[in-house]
There are 2 protein chains.
Amino acid sequence: MNHASHWTADPIELLRVGEGFRLDEVDPGAHPGFDGGKAQGARALAAGIPKLADLQEQLFAGSRMGGDTRRILLVLQAMDTAGKGGIVKHVMGAVDPQGVQLAAFKKPTEEELAHDFLWRIRKEEPGPGMIGVFDRSHYEDVLIGRVRSLAPPAEIERRYDAINVFERELTAAGTTVIKVMLHISADEQKARLQERLDRPDKHWKFNPGDIDERLLGAKYREAYQAAFERTATPDAPWYVVPADRKWYARLVVQHLLIDALERMRLEWPKADFDVEEQKARLAAS
Amino acid sequence: MNHASHWTADPIELLRVGEGFRLDEVDPGAHPGFDGGKAQGARALAAGIPKLADLQEQLFAGSRMGGDTRRILLVLQAMDTAGKGGIVKHVMGAVDPQGVQLAAFKKPTEEELAHDFLWRIRKEEPGPGMIGVFDRSHYEDVLIGRVRSLAPPAEIERRYDAINVFERELTAAGTTVIKVMLHISADEQKARLQERLDRPDKHWKFNPGDIDERLLGAKYREAYQAAFERTATPDAPWYVVPADRKWYARLVVQHLLIDALERMRLEWPKADFDVEEQKARLAAS
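For clarity, every value in this text was computed on a predicted model and none was experimentally measured.

About the thresholds
Residues numbered from 1 in each chain as written. Chains lettered and ligands numbered in written order. Predicted model: local features only at pLDDT ≥ 70, side-chain atom pairs only at ≥ 80, totals over all residues. Heavy atoms only, no water. Least-squares fit on C-alpha atoms with pLDDT ≥ 70 in both. Contact = heavy atoms within 4.5 Å. Helix = DSSP H or I, 4+ residues; strand = E, 2+ residues; numbered from the N terminus. Expected span 1.5 Å × (residues − 1). Buried < 20%, exposed > 50% of the residue type's maximum accessible area, 1.4 Å probe, protein only. UniProt positions renumbered as here; feature names shortened; annotations may be inferred. Pairing = 2+ DSSP bridges. Phe/Tyr/Trp six-rings, centres within 6.5 Å; stacked < 30°, edge-to-face > 60°. Lys NZ or Arg CZ within 6 Å of the ring centre and 35° of its normal.

(A) Expanded view of the relation of the copies chain B and chain A. Between chain B and chain A, which share one sequence, the superposing operator has a rotation angle of 180° and an axial displacement of 0.0 Å; the RMSD is 0.0 Å. Overall, the copies show the geometry of a two-fold rotation axis. Taking C-alpha positions as the reference, the residue of chain B nearest the rotation axis is Gly 93 of chain B, at 3.2 Å. The overlap is high: 100% of the interface residues of chain B also sit at the interface in chain A, so the same surface is used on both sides.

(B) Looking closely at helix α11 (residues 246-263) of chain B. Residue and element names in this part refer to chain B. The first and last C-alpha atoms of α11 sit 26 Å apart over 18 residues, in line with the 26 Å expected at 1.5 Å per residue. Most of α11 is tucked away: 15 of the 18 residues are buried. A positive phi of about 50° marks Arg 265, the residue just after α11.

(C) Structural context of the UniProt feature "domain: Polyphosphate kinase-2-related" (unreviewed entry) in chain A. The feature "domain: Polyphosphate kinase-2-related" (unreviewed entry), as given by UniProt, occupies residues 53-265 of chain A in the numbering adopted here. The distance separating the terminal C-alpha atoms of residues 53-265 of chain A is 15 Å; by composition the span is 51% helix and 15% strand.

(D) Geometry of unusual backbone geometry. Located in the positive-phi region is Arg 136 of chain A, a residue other than glycine, with phi close to 70°. Considering the arrangement of structural elements, one finds Arg 136 of chain A in the loop between β3 (131-135) and α6 (140-147). One non-glycine residue with positive phi stands out, namely Ser 149 of chain B, at about 50°. Within the secondary structure, Ser 149 of chain B sits in the loop between α6 (140-147) and α7 (153-172). Classification of Ser 149 of chain B as exposed rests on a relative accessible area of 57%.

(E) Highlighting the pairing of strand β1 (residues 71-78) of chain A. Residues and elements named next belong to chain A. Burial analysis of β1 places eight of its eight residues in the buried class, which makes it a mostly covered element. Burial of the side chains of β1 extends over both faces: Arg 71, Leu 73, Val 75 and Gln 77 are buried on one face and Ile 72, Leu 74, Leu 76 and Ala 78 on the other. Bridge count for β1 against strand β4 (residues 175-183) is eight bridges, and the pairing is parallel. Bridging across to β4, Leu 76 finds its partner in Val 180. Where β1 lies against β3, five bridges are found, and the strand directions are parallel. Counted as the bridge partner of Leu 76 is Asp 135 from β3.

(F) Representation of the packing of aromatic side chains in the model. Within this structure, the stated rule accounts for 22 aromatic pairs over all chains. Here Trp 7 of chain A and Tyr 248 of chain A contribute two aromatic rings whose centre-to-centre distance is 6.3 Å and whose plane-to-plane angle is 70°, an arrangement assigned as edge-to-face. Of this pair, Trp 7 of chain A sits in the segment before α1 (11-15) while Tyr 248 of chain A sits in helix α11 (residues 246-263), and the two are 241 residues apart along the sequence. When its relative accessible area of 0% is taken as the criterion, Tyr 248 of chain A is described as buried. Ring centres of Phe 105 of chain B and Phe 134 of chain B lie 5.0 Å apart, and the angle between their planes is 85°; this geometry places the pair in the edge-to-face category. Of this pair, Phe 105 of chain B sits in the loop between β2 (100-104) and α4 (110-113) while Phe 134 of chain B sits in strand β3 (residues 131-135); the two residues are 29 residues apart in sequence, bridging distant segments of the chain. One aromatic cluster is present, built from ring pairs that chain together Phe 21, Tyr 139, Tyr 224, Phe 228 and Trp 238 of chain A. A cation over an aromatic ring shows up here: Lys 123 of chain A above the ring of Trp 119 of chain A, its NZ or CZ 3.8 Å from the ring centre. Cation over ring: Arg 159 of chain B sits above Phe 117 of chain B, and NZ or CZ is 5.2 Å from the ring centre.

So this is what it looks like as structure tokens:
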């Protein structure tokens, strides 16, 4: 953490799920490590945009020449209205679309259900040089899967292990895995759903099922707690990001990406052709 | 064309390929319909960003609720360095990534070559509510395919017809098809290739094959001319956009998209649930 002086403490350390983590002890309205409000947060986000864009271009460049196969996978999980879409739009939207591989996982289709739960996930693994973003993910299969008993308990148990094996494969192949849960309070969620009902231009974002899910909030928090305990690993850590303040959650995710890219010590790839020879050819063309 | 007063004449009319069009009569350095320079062009592009983003959100919303299946397909074709990547970054980059489906078509794989040339293309058709962007496309199969004799002349002939049939299918299914050729001069291309060779941070964008292609420039222009004559249809028109000035080409493509979206007369979809009933449920939750 050295790229941004607006942090009073590194949110990566503050928000990473570690030993003894308890979701119910996290305040969704807090903004740990950032000593400012919405305006300062927006300025900090704007300042990070060219930095993230430059680093992303270097990551992409290395995959096109020089054979660097490293990549990033950002997993976004959250209850409805917590702001996944806003992260995609305001954090990822600042990056060259050519370098972003976005996959939104909805309710599985019949065909997907006829396969192992990781089948549809593996098809969306980001390629070399890409930043992959999962808007919901394989974690749904141990979240809604558990809360709504869509699979027997033994199968849910098996999935935690399968997820760890899968994520180890990813990291071994050069993928930096960053798992984010956006955490909002029941009150803030109510206010956001209310806005979707009050504004005709937001109706399309509302689904009656959102309230059914909301009523199961306590059970979802238990399922998240269990998922953290079983799948927070040093190589594929979880970050629980307070998300009642959208500006804070966006800033943290941008920071996580910038930090991951900086740790890669990216360099522009060396030409795999003779530059002088090509200059001569070009001059003669 | 009513959304932007900075045009002195509608570039859609000026740049659309019509009866008797001749590529060799187009000046790649011109900026038809725009009475200003780079700074004014950049301001106009910035002014269009929220407009395009809002329209795209409406298009997307209609597909999520209300069953509107309309969509857009933007086909980008050009010689190397003409600025396809810049269009993706600066025009499409301003749109919510969730609503953009980008497909870059490279040299076909063995598997792709074992199928009809449209096989890999059809797999990337944009879904309802999406703006699809093809960075290169099925037109490669009548461009490089013709210039380098990758297929017999009779097969190239067949492809023009197959393309027309394919694009009629797309438009019949509610896809607005916009085909753009970015047209740069040989001198401007030389300068851009020179920059890629001069700057180590641009080397990854250079490929010695780019000069081989450049040497075939006249043959490519003939192949484009033939493609325009065979595939410029009222429903799937071609636009040849002078692209020596990057700001102009970006502004035109943004304008084409805004215009296409405005013609759809999009509206926020009506709620497919009882809003008052859901408000009561939310209040009780």
